[in-house]
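Secondary and tertiary structure notes
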Amino acid sequence: MPNYHRPITKNNPFAIVFVCLGNICRSPTGEGLLLHKVKEKGLASYFYIDSAGTAAYHVGEPANSKSQATANNHGVHLPSKARQFEYADFNEFDLILAMDAENYKNIKALDRNNRFEDKVKMMREFDPTPEDGNVPDPYYGGLQGFENVYQIINRSCDALLDELTPLIEDD
Ligand code: 4NP
């Protein structure tokens, strides 16, 4: 059984943070998509969902306009305001999902004593077709890259929710 498995209740919601580099493209897409999915299923009160970036370049910014347009085409709103991932997040969250190997390495570098190793996973561990395991950085490319990112994160979030939903219990 994966080590982050525990009973999920309204009093003890499962906290997930998606992490990319800038917190304006990939991780806001994860946050907005998973929020949308849990609301659609009536499970919003069992989850706390957030996103962050390992870099600080875009702190305070909303999601990138191409990420927003792509999500909106699918009826999904991206509510994020960029912030940098910080050490306190290791305690705050049950699951820390890195979008690529570089983000994973940057997160792990903050956990010098490996106290939180079990909480840090790659987003595409949940993707049924993980390819090289990275969600590619769409920032410098065209809309097709943003759509590709959306599809990867969409199917990964579906698989993640399928794994977590059976852990939900009533208080
Ligand atoms: P994200 O994309 O990590 O998916 O938010 C990027 C956003 C900004 C930059 C790189 C990637 N940047 O170099 O500013």
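Located above this text is the structure these notes cover.
Since this is a predicted model, take the numbers as computed values, not measurements.

**What to know about empty space enclosed by the protein**
On inspection of all chains with the given rule, the structure shows one cavity of 30 Å³ or more. Considering only enclosed or pocket space, the largest cavity measures out at about 40 Å³ in volume. Looking at the lining of the largest cavity, the elements that each hand over two or more residues are helix 2 (65-73) and helix 5 (143-164). The leading source of residues in the lining of the largest cavity is helix 5, at three residues. Of the residues contributing to the lining of the largest cavity, the split by class is four nonpolar, three polar and no charged.

**Some remarks on the pairing of strand 3 (residues 95-98)**
Neither face of strand 3 is open: one carries L95 and L97, the other I96 and A98, and all of them are buried. Where strand 1 (residues 14-20) and strand 3 come together, four bridges link them in parallel fashion. Bridging across to strand 3, V17 finds its partner in I96. When strand 3 meets strand 4 (residues 120-122), the two strands line up parallel, connected through three bridges. Note that in strand 4 the partner of A98 across the bridge is M122. Crossover handedness for the path strand 3 to helix 4 (residues 101-110) to strand 4: right-handed.

**Some thoughts on the site of the ligand**
Around the ligand, the surrounding shell consists of C20, L21, G22, N23, I24, C25, R26, Y57, H58, D137, Y139 and Y140. Interatomic distance of 2.8 Å between a side-chain N/O atom of R26 and an oxygen atom of the ligand. Alone, the ligand offers 360 Å² of accessible surface; in the complex the protein occludes 92% of this. Because more than half of its atoms lie within 2 Å of the grid, the ligand is assigned to the largest pocket. For the shell around the ligand, the residue count by class is seven nonpolar, three polar and two charged.

About the cut-offs
- Here the residue numbering is sequential within each chain, running from 1 through the sequence in written order.
- Only residues with pLDDT of at least 70 are given local features in this predicted model, and only at 80 or more are side-chain atom pairs given and counted; all residues enter the totals for whole chains, interfaces and linings.
- To get the side-chain values, take all heavy atoms of the structure and skip hydrogens and water.
- Lining residues are those with an atom within 4 Å of a point, where the points come from a 1 Å grid over the protein atoms alone and group into cavities, where a 1.4 Å probe fits but cannot get out, or pockets, open sets with protein on both sides within 12 Å along at least five of seven lines.
- Grid points are joined across faces, edges and corners, and a volume is the space filled by probe spheres set on the points.
- Each helix corresponds to a stretch of at least 4 residues labelled H or I by DSSP, and each strand to a stretch of at least 2 residues labelled E; elements are numbered beginning at the N terminus.
- Three categories are distinguished: nonpolar for Ala, Val, Leu, Ile, Met, Phe, Trp, Tyr, Cys and Pro, charged for Asp, Glu, Lys and Arg, and polar for the others, with Gly belonging to the last.
- Using a 1.4 Å probe on the protein chains alone, a residue whose accessible area is under 20% of its type maximum counts as buried, one over 50% counts as exposed, and one in between counts as partly exposed.
- Pairing between strands requires that DSSP locate at least two bridges from one strand to the other.
- Clockwise travel from the first strand over the helix to the second, with the strands pointing away from the viewer, marks a crossover as right-handed.
- Whether a residue is near a molecule or strand depends on its heavy atoms: if one lies within 4 Å, it is near.
- Polar contacts, as used here, are pairs of N or O atoms within 3.5 Å; protein pairs need one atom able to donate a hydrogen and one able to accept it. Residues neighboring in sequence count only if both atoms are side-chain atoms.
- Only the protein chains shown count as cover for residues, and all accessible areas are computed by the Shrake-Rupley method using a 1.4 Å probe.
- Put plainly, a molecule is in a cavity or pocket when over half of its atoms are within 2 Å of the grid points there.

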